[in-house]
Amino acid sequence: MARRAGVSTGCASNVLNRRRPQDDEIGRRVLAAAEALGYRADAMAANLRRATSRLVGVVLPDFQNPFFGALLSALEREAARTGHRITAASTHDDPEAERREILALMDWRLAGLIVVPAASSQALDGLGLPVVVADRTGGPHGTDEVGADGRAAAAAVIRRLADLGHDRVLLAFSDDSAPNIAERLNGAEASAQAAGVALEPLRCGWSVESADHAFAAHLEG
């Protein structure tokens, strides 16, 4: 491929690995040669050659959940910006599936792992690579965490509803066994008490089907 593009092997490698521009004359020649020859980089071999991997694993509860889909999309954009790639798996909120998926992803010699843990997930430290827990923070994970202030956000929502004149609020949630959900409920309940709002919690479970059933039962009751 390098010979076809008229460049050195090192130059071709730098273009393909985005260590030099792909949109100048040399970069375009290398990409054209790679396409003509049907060249595809061997990610596993590249990781073995490099001291550090450029592949980041992402483990999410459910790809169909719009929030997690948006999170994955944002992570993909940031990975592309920094010269990394994403490989992702879903767990359907099953801690055993989470364990299996993490072990499978680690076979790819990851640079790091980003996990939105299952509701009853256990410690995620000690894996031998950088791990960040996202969104569902506050659990026994033993890793760095990135999340929002759910308590303050939920409290602000209740205050806003009270300001609009609402004195009864139905609060639908998945499952308060997840620390971040419990945090939001705590903030909502404290704000509702302070504002004189009657708060009615509705546990909906983790799936669309269980949420449909919970709402139907509530409306029929």
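Up top is the structure these notes are about.
Just so we're clear, the structure is a prediction, and the values are computed from it rather than from any experiment. (Residues numbered from 1 in each chain as written. Predicted model: local features only at pLDDT ≥ 70, side-chain atom pairs only at ≥ 80, totals over all residues. Heavy atoms only, no water.)

## A look at the nonpolar core
One finds Leu 55, Val 59, Ala 89, Ile 102, Leu 105, Leu 110, Leu 113, Val 115, Leu 124, Leu 129, Val 131 and Val 133 forming the largest nonpolar core, which totals 12 residues. Elements supplying a minimum of two residues to this core: β1 (55-60), α6 (95-106), β3 (112-115) and β4 (131-134). For Val 131, the contacting residues outside a window of four places in its chain are Leu 113, Val 115, Leu 124, Thr 143 and Asp 144. (Core = buried A, V, L, I, M, F, W, Y, C linked by side-chain atoms within 4.5 Å. Buried < 20%, exposed > 50% of the residue type's maximum accessible area, 1.4 Å probe, protein only. Helix = DSSP H or I, 4+ residues; strand = E, 2+ residues; numbered from the N terminus. Contact = heavy atoms within 4.5 Å.)

## Some points on the packing of helix α2 (residues 9-16) against helix α3 (residues 25-37)
Across the interface, α2 lies against α3 with an axial gap of 9 Å and an inter-helix angle of 90°. Comparing the axis directions of α2 and α3 gives the class roughly perpendicular. From α2, Cys 11, Ala 12, Val 15 and Leu 16 reach across to α3, where they touch Ile 26, Gly 27, Val 30, Leu 31 and Ala 34. Of the residues belonging to the contact of α2 with α3, the class tally is eight nonpolar, one polar and no charged. (Axes fitted to C-alpha atoms, helices over the stretch in contact; angles between N-to-C directions. Parallel < 35°, antiparallel > 145°, perpendicular 65-115°, else oblique. Nonpolar A, V, L, I, M, F, W, Y, C, P; charged D, E, K, R; others polar.)

## Some details on α6
Between its first and last C-alpha, α6 extends 17 Å over 12 residues, near the 16 Å set by a 1.5 Å rise per residue. Regarding α6, the residues found buried are Ala 97, Glu 98, Ile 102 and Leu 105. One side of α6 holds all its buried residues, which, seen down the axis, span an arc of 135°. Tucked into the core, α6 has its buried residues touching β1, β2 (85-90) and β3. Where α6 begins, the side chain of Asp 94 points an oxygen toward the backbone nitrogen of Glu 96, at a separation of 2.9 Å. (Expected span 1.5 Å × (residues − 1). Arc of directions from axis to C-beta. Polar contact = N/O pair within 3.5 Å; in protein donor to acceptor, adjacent residues only side chain to side chain.)

## Structural notes on the pattern of salt bridges
Within the structure shown, the criterion is met by seven salt bridges. The partner of Asp 93 in a salt bridge is Arg 136, and the shortest N-O contact between them spans 2.6 Å. Separated by 43 residues along the polypeptide, Asp 93 in the loop between β2 and α6 and Arg 136 in the loop between β4 and β5 (144-146) bring together distant segments of the chain. Grouping residues by exposure puts Asp 93 and Arg 136 together as buried. Measuring nitrogen to oxygen at the nearest pair gives 2.7 Å for the salt bridge that ties Glu 96 to Arg 99. Here the residue Glu 96 and the residue Arg 99 both occupy positions in helix α6, the gap between them amounting to three residues, near one helical turn. On the basis of relative accessible area, Arg 99 is assigned to the partly exposed category, the value being 43%. Through salt bridges with shared partners, a single network forms among Asp 175, Asp 176 and Arg 203. (Salt bridge = Lys/Arg side-chain N within 4 Å of Asp/Glu carboxyl O.)

## Examining the pairing of β4
Relative to β4, β3 runs parallel, the two sharing three bridges. Opposite Leu 113, over in β4, you have Val 131 as the bridge partner. Where β4 lies against β5, three bridges are found, and the strand directions are parallel. Bridging across to β5, Ala 134 finds its partner in Val 146. (Pairing = 2+ DSSP bridges.)

## Let's talk about α2
Along α2, the positions that sit buried rather than exposed are Cys 11, Ala 12 and Val 15. Looking straight down α2, one finds that the buried residues subtend no more than 100° of arc, so they occupy a single side. Contacts from the buried residues of α2 go to α1 (2-5) and α3.

## Side note on unusual backbone geometry
Within the chain, Asp 93 stands out as a residue other than glycine whose phi angle is a positive 60°. Taking the relative accessible area as the measure of exposure, Asp 93 reaches 17% and is therefore buried.

## Remarks on the side chain of Thr 143
Inspection of the secondary structure assignment puts Thr 143 in the loop between β4 and β5. When its relative accessible area of 17% is taken as the criterion, Thr 143 is described as buried. For Thr 143, the residues in contact, after removing those within four places along its chain, are Leu 124, Asp 125, Val 131, Val 132 and Val 133.

By themselves, these are just geometric observations and shouldn't be taken as functional.
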